[in-house]
Amino acid sequence: MYKESGCRMVTSEKVELEILSEVSKVANSTLEYNVKLEKIVSAIAGRLGRDVCYVVLRDRDRDTLVLKAAVGLNPDSIDRVMLRMGEGVTGWAAEHKEPVALAVARDDPRFRLVRQTGEERYTSLLAVPILYDQRCIGVMAVQTVEPHEYSQDEITLLSTIANDVGGIINSAQLYQDAKTNLEALSALYDVSQALMSTLDLPTLLDRIARSSAEVIGAKGCILRLLNKESGLLEIKASHGFAAELGRKTELRIGESIAGMVAADGKPMLIKDVYEHPEFLNATGAVVRSLLCVPMIAKDKVIGTIALYDKEEEGRHGEQPFNDDDLHLLTTLATQASMAVENAFIFERAEDLAQENEKKAAELSFLYDVAYAMRSTLKLDRLLHTILTAMTIGGGMSFNRAILFLVNERTKTMQGMLGVGPSSAWEAGEIWSRLGDRPVNFREWTLTDTELAAQNESAFNRMAKSLRVSYEEETGVFAAAIRERRAILIEDAEKDPLAGPDILELMGVRSFAAVPLVAKDKVTSLVVVDNKFTGRPITMEGLRFLMMFANQAGLAIEAAMAYSNLERTNRDLKEAQARLIQSEKMAALGEMAASIAHEIKNPLTVIGGFATRLARKAAEGDEARYARIIKDEALRLDKILQEVLDFSRDMKPNLQKSSLRELCEETLDMYAEQLREKGIRVGVELSSEMGDVMLDPQQMKQAVINILANSMQAMEATGGREIRIRAYRDADADRMVLEVEDTGGGIPADMMENIFNPFFTTKEKGTGLGLAITSKIIKNHGGEIEVVNREGVGATFRIKLPPVREEIIDDVESEG
């Protein structure tokens, strides 16, 4: 029996039974664990008549004592007050597993005042260990305001109650652990379902990081994957930290905690990272505890999952990770590794499918373009087709392409064709007009209009003006030709194969040069770029370009062979036609000369007598008849003279002459006739023209024939303007004389016959004028061509070689 001030006397057995009955009732209730503890300490304080009763339980992770329930102390201190084992009277009782009874607690040297609880109001203290299976799982204590000497019976009673309550607490903890494990298993199942629901790698990695942190209750998570190429651990996902992580985002194997885990393939649990100098903080935040586990797939480490600073619901402050957390995260990492490996496989399968699809598209493109290239054997059209395929959307989609003709003997390249826009504005117009329309290359061919537009484009004119020397064996063009491979220049300013000259020539930093090979010889070089889009040219694109170039080279080889065959066949036909024509003309000339001689003498007599009759006859029919006979005799004589001129050898008497003066003299002869017919004459005679070796009389006859032909054509059609130009063509090294009329042009079906003898469309005429002109020009070593504009007019262009010293010497020696 014991006595307490202000309280009635009770037997310890009765009190113990009452307390245990009430504790048992609370323990068997469905209340939450923390609420049960509060009910228990309230019942003990009430039955024992104490001012304070509290319970501290041992934290298995930190080996500390945490205030879990109290009556008479500050409620805010629950779960916030922690004592180390051996600290204060409570800690001493736990460490030594012995009760401590103090009438005045503050006088004991072991006492430690915790003001947060408000215990400074109380004087006495009785603390007894809560034991279960010889283990101290906590401390139960009572306090009073007034000093109180605790008897042995009171100590025994509280110890008995504490031990009985220990079993209840242990069972509750086991239940709580089981509940926690069940929740963890449920969470793992949910996480597993979530992870298996996606094969998108970035989404999956984000889910793993978030789920890992949420399941274990960590502040944050960083997930790293091993880059097989670099051998570095790279951060691929994070949760709970700012988007901007710390500087050290990549780790070598063995570096920092994550690197060590990846190296050993074993998890690490660190309660204080500051005790590990090898730790490198990549979170960008202040952290203390760390849990890191490896991600293993097919017995190989593929990455790590690291959690930082655990926070448990209902517990204040940062909590260290424990073995249960380690086991749970390891299990989760196993599931995550399987999901990541599946995502890798799916990603590789997708990449493979995309690669196969791309290759199929490339092969389809090559097949269709090959079909388009086979549809023509005309070299000009083929080259246009090749460069258009390189630049058109749906093809290789380069912005611009230039084809250079390679002359390996002179080590020069001459621009032959350019396809592409000449400005950003033009590029925008083209892309806006085409849009995303798909191109069926199998059915696609260049129309004559598109071909003409490409030939007349500003970019094509610029391309044709380019002439490049590649004498430097180290240059990009020389390297492409010598090595017969495509070369990519990513930055012309820095690449030693390019340099400032190439940069100025191309006007763009990045471009690619690819040779076209025909008959085992580089015949041309194509240069492509993306000047307006700025899209980088990749090595994959370069590979495809080279594949296409090989195919294009074969097509060019076939076109060149056909072109040579066609030219040879044409030359043979022309030679045969010239031979037949020559034989005909020889026979005709011989016959015509013989007939002309036979006719000319009597014709002269007829003309002479007609002239006399016309002079003697008075006005009337006889006089008119005589004049008609005279005029027709003169006309017939002129025809006979033309026949004789054409039939005999017209070897020119060459002398140094001025083509400018010859034109002026001819125009003076016809000035009056042109004025009478109302024909305006425009004259452009260059002052920079040199002299020409020619026969002035023959050449004047040739010009007169052309001028007369133009006058007759304009008289029939009502044309009123002739333009005569004379200039030097420096590129062709020729003196050029042009006669341009507005006589309606020449019908297309007659063009090939206009220089044939005896061909005429006039009612009167021998058809020998232009034939004689052509013969004169050819005998002078020149050439004559016609630019016909049907319905408008025609331009006759005479090209003569300039004066050369060796020609003058030959002429003088002959003289």
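See the structure shown above.
The structure displayed is predicted, hence computed values, not measured ones.

Enquirer: Would you explain the packing of helix α17 (residues 696-717) against helix α18 (residues 769-779) in this entry?
Expert: In a packed pair of helices, the relevant descriptors are the angle between the two axes and the axis-to-axis distance. At a minimum axis separation of 9 Å, α17 and α18 run at an interaxial angle of 145°. In the packing of α17 onto α18, the handedness of the crossing is left-handed. Taken together, the residues of α18 that come into contact with α17 (itself represented by Q698, M699, Q701, A702, N705, I706 and N709) are G769, L770, I772, T773, I776 and I777.

Enquirer: Help me understand the pairing of strand β11 (residues 290-297), please; the structure alone is not making it clear to me.
Expert: Side-chain positions along a regular strand alternate between the two faces of the sheet. For β11, a buried count of seven out of eight residues is recorded, marking the element as mostly surrounded by other parts of the structure. Note: strand β10 (residues 268-270) against β11, three bridges, orientation antiparallel. Bridge assignment links I270 to a residue of β11, and that residue is L290. Strand direction decides the pairing type here: β11 and strand β12 (residues 300-310), joined by eight bridges, are antiparallel. The residue bridging I296 from the neighbouring strand is V301, located in β12. Hairpin connection, β11 to β12: the antiparallel pair is bridged by two residues, and K298 has positive phi, about 55°.

Enquirer: Help me understand the nonpolar core, please; the structure alone is not making it clear to me.
Expert: Among soluble globular proteins, nonpolar side chains are generally buried collectively. In this structure, L659, M699, I722, L737, F796 and L800 are the most contacted members of the largest nonpolar core, which totals 38 residues. Of all elements in the fold, only α16 (659-676), β21 (692-694), α17, β22 (721-729), β23 (734-741), α18, β24 (783-789) and β25 (793-800) reach the threshold of two or more residues within this core. For this core, the leading source of residues is α17, giving eight residues. Not counting residues within four places of it along the chain, the set of residues in contact with L800 comprises L659, V692, L694, M699, R734, M735, I777, H780 and G782. Listed in part, the 34 residues of the second largest apolar core include F365, A486, L542 and M546.

Enquirer: Can you walk me through the sheet that holds strand β17 (residues 511-518) in this structure?
Expert: Working definition: the strands of a sheet are paired by backbone hydrogen bonds and lie parallel or antiparallel to each other. On the basis of which strands lie adjacent, the open sheet formed by six strands has the order β15-β14-β13-β18-β17-β16 and antiparallel pairing. Both outer strands of the open sheet, β15 (467-469) and β16 (487-489), are each paired with one neighbouring strand and no more. Averaged over neighbouring strand pairs, the angle between their axes works out to 25° when direction is ignored. Pairing of strand β13 (residues 400-407) with strand β14 (residues 412-419), which is carried by seven bridges, proceeds in the antiparallel orientation. The residue bridging I402 from the neighbouring strand is G418, located in β14.

Enquirer: It is not clear to me how helix α8 (residues 379-391) should be interpreted in this structure. Could you clarify?
Expert: Because an α-helix packs 3.6 residues into every turn, residues spaced three or four apart end up facing the same way. Relative to the 18 Å expected for 13 residues at 1.5 Å per residue, α8 spans 19 Å between its end C-alpha atoms, a close match to the ideal helical length. In terms of burial, α8 is largely enclosed, as 10 of its 13 residues are buried. Residues of α8 that are buried: L382, L383, H384, T385, I386, L387, T388, A389, M390 and T391.

Enquirer: Sorry, what's going on with the pairing of strand β18 (residues 521-529) here?
Expert: With eight of its nine residues buried, β18 lies for the most part within the structure. Sheet analysis places β13 next to β18, joined by six bridges and oriented antiparallel. Paired with A401 across the two strands is V528, which belongs to β18. As paired strands, β17 and β18 are joined by eight bridges and run antiparallel to one another. Following the sheet pairing, V514 is matched in β18 by V526. Where β17 folds back onto β18 in an antiparallel hairpin, the turn is made up of two residues, including K519, whose phi is positive at roughly 55°.

Enquirer: Quick question: what am I supposed to make of the environment of M260 here?
Expert: Considering the arrangement of structural elements, one finds M260 in helix α6 (residues 256-264). Considered as a pair, M260 and C292 are 32 residues apart in the sequence and their alpha carbons are 9.7 Å apart. Excluding anything up to four places from it in sequence, M260 contacts G254, E255, M268 and E278.

Enquirer: Which parts of the structure should I look at to understand the pattern of salt bridges?
Expert: If you walk through the whole model with that rule in mind, you get 32 salt bridges. Here D325 makes a salt bridge to K310, at a shortest N to O gap of 2.7 Å. With a gap of 15 residues between them, D325 in helix α7 (residues 323-374) and K310 in strand β12 connect regions that are remote in the sequence. A relative accessible area of 7% means that D325 is categorised as buried. A relative accessible area of 4% places K310 in the buried class. Connected via shared salt-bridge partners are R725, E738, E740, E785, R789, R797 and K799.

Enquirer: Looking at this structure, I do not really get the sheet that holds β24. What am I missing?
Expert: One open sheet holds the five strands; their spatial order is β20-β22-β23-β25-β24, and the pairing between them is mixed. Looking at strand neighbours, the two that pair on one side only are β20 (680-685) and β24, the edges of this open sheet. Going from strand to strand, the sheet's axes swing by 15° on average, the running direction of each strand aside. Pairing of β24 with β25 involves seven bridges; the strand directions are antiparallel. Residue pairing in the sheet places V786 in a bridge with F796 of β25. Packed onto the sheet, α18 meets β24 and β25 and runs at close to 135° relative to β24.

Enquirer: Just checking my understanding: could you explain unusual backbone geometry for this structure?
Expert: A negative phi holds for most residues other than glycine; trans holds for most peptide bonds. Positive phi outside glycine occurs at Q134, with the angle close to 65°. Secondary-structure assignment places Q134 in the loop between β5 (124-132) and β6 (135-144). Residue classification places Q134 among the exposed residues on the basis of a relative accessible area of 68%. Even without being a glycine, R484 presents a positive backbone phi close to 55°.

Calculation criteria
- Residues numbered from 1 in each chain as written.
- Predicted model: local features only at pLDDT ≥ 70, side-chain atom pairs only at ≥ 80, totals over all residues.
- Heavy atoms only, no water.
- Axes fitted to C-alpha atoms, helices over the stretch in contact; angles between N-to-C directions.
- Helix = DSSP H or I, 4+ residues; strand = E, 2+ residues; numbered from the N terminus.
- Left-handed = near helix turned anticlockwise from the far one by under 90°.
- Contact = heavy atoms within 4.5 Å.
- Buried < 20%, exposed > 50% of the residue type's maximum accessible area, 1.4 Å probe, protein only.
- Pairing = 2+ DSSP bridges.
- Core = buried A, V, L, I, M, F, W, Y, C linked by side-chain atoms within 4.5 Å.
- Expected span 1.5 Å × (residues − 1).
- Salt bridge = Lys/Arg side-chain N within 4 Å of Asp/Glu carboxyl O.

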